[in-house]
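Observations on the model geometry
Single-letter residue listing:
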Amino acid sequence: MSSNNGKTPHKRGQRKNNLDIPQRLLDRLTPSVLETPRSTPREAEKAPQETLALSKLFNRYYAARQAAGAAERTLEDYRKHINWFRRFLASEYSGLDNFVPNRDVIRSWISHMLTVQKLKPSTINIRLRTVKAMFNWAMSEGIIKESPFNNVELLRVPEEDFQIISKAQERKLFNCCELTTVTGLRDALLMSFLLDTGVRIGECMRILVDEIDLQNRSASVRAESAKTRKARTVYFGARTQELLVIYLAWHEINGQAPNLFLNEFGQPLDKNWATRCISFIGKKAKISGVRISPHTFRHTFATRYIKATGDPFSLRRLLGHSSMEMVNRYVNQDAADVREQYEKFMNRGNEQW
């Protein structure tokens, strides 16, 4: 030791990291404090991750789709379909929502929808596609390594003939509308507009007055209003034009919103109201054998158009479909249509043998 200060000599710049802690302070530290080790960065990396809950996964997926600009109707379908799935988990798995299901759970859900809920394969596939899209997104984000839908196939949907409204049934529907009242005029206009344009009921309810061109008998479907997020122009006939002239005169004075279709108080209507309204008119007209709904009007428009023009490509643009596959479903002809076309084919030349 140095004779000057009694301290151990050390070289200049040498680091001294030892502390001379008095024993009285060490005695005050509890054993738990002394024995608790500090975790190293490597040990921190090995810490168990938080359990991935289905509800948390959906919230992240919903936020991502919302940020991507998904339509409100699409977001509503996400909420509705995931709720159906969670109800199933609640009934069959004691309400547990703190796990990500595997393919056995998905197959059990399919069986439940088929045997217990008695749903159509097409309805089941719609729900499956929504939930499957969420897991596909989670895989692309690196949240999960494997989707529970791997090796799980959608159900085969039997090809069905679309129901269409005949001209006689159409006359019965319009006869139930009292054109001297605002509601009767509006209901007649709604049915005529759907039959002439083939637009989806949600798109129809979002059309604004400023998007109607009476002179050219056309209407614009905005991109934000369209299901496919693509703008398009649709057209209507003379009957719809005449009804619009009368209705728009009332709208100009009484309308409280820019939407085309309003109630008697001038407020905008939604697709649920329109669906119930059209169904009520169908019951009032005592029409049987055909489901009177906005989508049946869309089927009717598509079938009449393809029979009159034979052009599925322009029909695709009018309907607002992104692929010809959907158009082919809409224009599926019934047996009578096939027979009629076949007779035209066989009689085209009146060949004799």
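Cut-offs and rules
In this convention, every chain numbers its residues from 1, walking through the sequence in written order. Confidence filtering applies because this is a predicted model: local features only for residues at pLDDT of at least 70, side-chain atom pairs given and counted only at 80 or more, and all residues used for totals across whole chains, interfaces and linings. Side-chain figures throughout are based on the complete set of non-hydrogen atoms in the structure, without hydrogens or water. Helix and strand assignments follow DSSP, with helices taken as H or I runs no shorter than four residues and strands as E runs no shorter than two, numbered in order from the N terminus. The classification of residues rests on relative accessible area computed with a 1.4 Å probe and restricted to protein chains. Under 20% of the type maximum is buried, over 50% is exposed, and intermediate values are partly exposed. By definition, residues are in contact when any of their heavy atoms lie within 4.5 Å. Computed by Shrake-Rupley with a 1.4 Å probe, the accessible areas treat only the displayed protein chains as cover when residues are assessed. Two cysteine sulfur atoms make up a disulfide if the distance between them is within 2.5 Å. Every residue carries a pLDDT, the predictor's confidence in it, which falls somewhere between 0 and 100. Take the buried residues of types Ala, Val, Leu, Ile, Met, Phe, Trp, Tyr and Cys, join any two whose side-chain atoms come within 4.5 Å, and each joined set is a nonpolar core. Salt bridge, as applied in this entry: a Lys or Arg side-chain nitrogen positioned within 4 Å of an Asp or Glu carboxyl oxygen. The aromatic pairing rule takes the rings of Phe, Tyr and Trp, using the six-membered ring of Trp, and pairs them if the centres are within 6.5 Å, calling planes under 30 degrees apart stacked, those over 60 edge-to-face and the rest tilted. In this scheme, the term charge over a ring applies when either NZ of a lysine or CZ of an arginine sits within 6 Å of the ring centre and within 35 degrees of the ring normal. Distance and chemistry together define a polar contact, namely a pair of N or O atoms within 3.5 Å, with one atom able to donate a hydrogen and the other to accept it when in protein, and with adjacent residues in sequence counting only for side-chain atoms on both sides.

**Here's the deal with the overall build of the protein chain**
Within the protein chain, the regular secondary structure consists of 16 helices and three strands. A total of 353 residues make up the protein chain; the buried ones form 35% of that total. Here the contacts in the protein chain between residues at least 6 apart in sequence split such that 58% fall between residues at least 24 apart. Here the protein chain has roughly 23100 Å² of accessible surface; of this, 50% comes from carbon and sulfur atoms.

**Considering the state of the cysteines**
Across all of its chains, the model carries zero disulfides by this definition. We note that Cys-176 lacks a disulfide partner, and the nearest cysteine sulfur, in Cys-177, lies 6.8 Å from it. Here Cys-277 stays unpaired: no disulfide links it, and the sulfur of Cys-177, its closest cysteine neighbor, is 7.6 Å away. Note on Cys-277: relative accessible area 10%, which makes it buried.

**Looking at the confidence of the model for the protein chain**
The share of residues in the protein chain with pLDDT of 70 or more is 76%, and the mean pLDDT across the chain is 83. pLDDT under 50 marks residues 30-36. Its contacts with residues more than four places away, or in other chains, come to one contact.

**Considerations on the nonpolar core**
The nonpolar side chains of a soluble globular protein tend to be buried with one another. Grouped together as the largest cluster of nonpolar side chains are 43 residues, with contacts concentrated most on Leu-173, Leu-190, Phe-193 and Phe-297. Breaking this core down by element, the ones donating at least two residues are helix H8 (167-175), helix H9 (182-197), helix H10 (201-205), strand E2 (218-221), helix H11 (238-254) and helix H12 (271-284). Looking at which element gives the most residues to this core, the answer is H9, with eight residues. In this structure Leu-173 touches Ile-165, Met-191, Ile-281, Gly-282, Ala-285, Ile-287, Ile-292 and Phe-297, once residues within four positions along its chain are discounted.

**Considering the pattern of salt bridges**
According to the stated counting rule, one finds twelve salt bridges in the structure shown. Put simply, Arg-103 and Glu-146 hold a salt bridge, and the shortest N to O gap is 2.4 Å. With Arg-103 in helix H6 (residues 103-115) and Glu-146 in the loop between helix H7 (121-140) and H8, this pair connects stretches of sequence that are 43 residues apart. Taking the shortest distance from any N to any O, the salt bridge between Glu-264 and Arg-186 comes out at 3.9 Å.

**What to know about the side chain of His-112**
Take His-112: it is sitting in helix H6. Among residues more than four places away in sequence, those in contact with His-112 are Phe-88, Glu-92 and Gln-117.

**Some remarks on the packing of aromatic side chains**
The final tally for this structure, using the stated rule, is eleven aromatic pairs. With a centroid separation of 4.5 Å and an interplanar angle of 40 degrees, the aromatic rings of Phe-85 and Trp-109 are classed as tilted. Highlighted residues: Phe-85 in helix H5 (residues 72-92) and Trp-109 in helix H6, separated in sequence by 24 residues. Take Phe-85 and Trp-109: they sit in the same class, and that class is buried. Ring geometry for Phe-135 versus Phe-149: centroids 6.0 Å apart, planes at 45 degrees, classification tilted. Of this pair, Phe-135 sits in helix H7 while Phe-149 is found in the loop between H7 and H8, placing the two residues 14 residues apart along the sequence. Among the aromatic residues, ring-to-ring pairing joins Phe-193, Phe-236, Tyr-247, Trp-250 and Phe-261 into one connected group. Above the ring of Trp-84, the side-chain terminus of Arg-87 is found at 4.8 Å from the ring centroid. In this structure, Arg-127 packs its charged tip against the face of Trp-84, placed 4.2 Å from the ring centre.

**As for the environment of Arg-229**
Tracing the sequence through the fold places Arg-229 in the loop between E2 and strand E3 (232-235). Since its relative accessible area comes to 36%, Arg-229 is described here as partly exposed. It is 8.6 Å that separates the C-alpha atoms of Arg-229 and Ala-70, two residues lying 159 residues apart in sequence. Other than its neighbours up to four places away in sequence, Arg-229 contacts Gly-69, Ala-71, Ala-223 and Glu-224. A distance of 3.1 Å separates the side chain of Arg-229 from the backbone oxygen of Glu-224, its partner in a polar contact.

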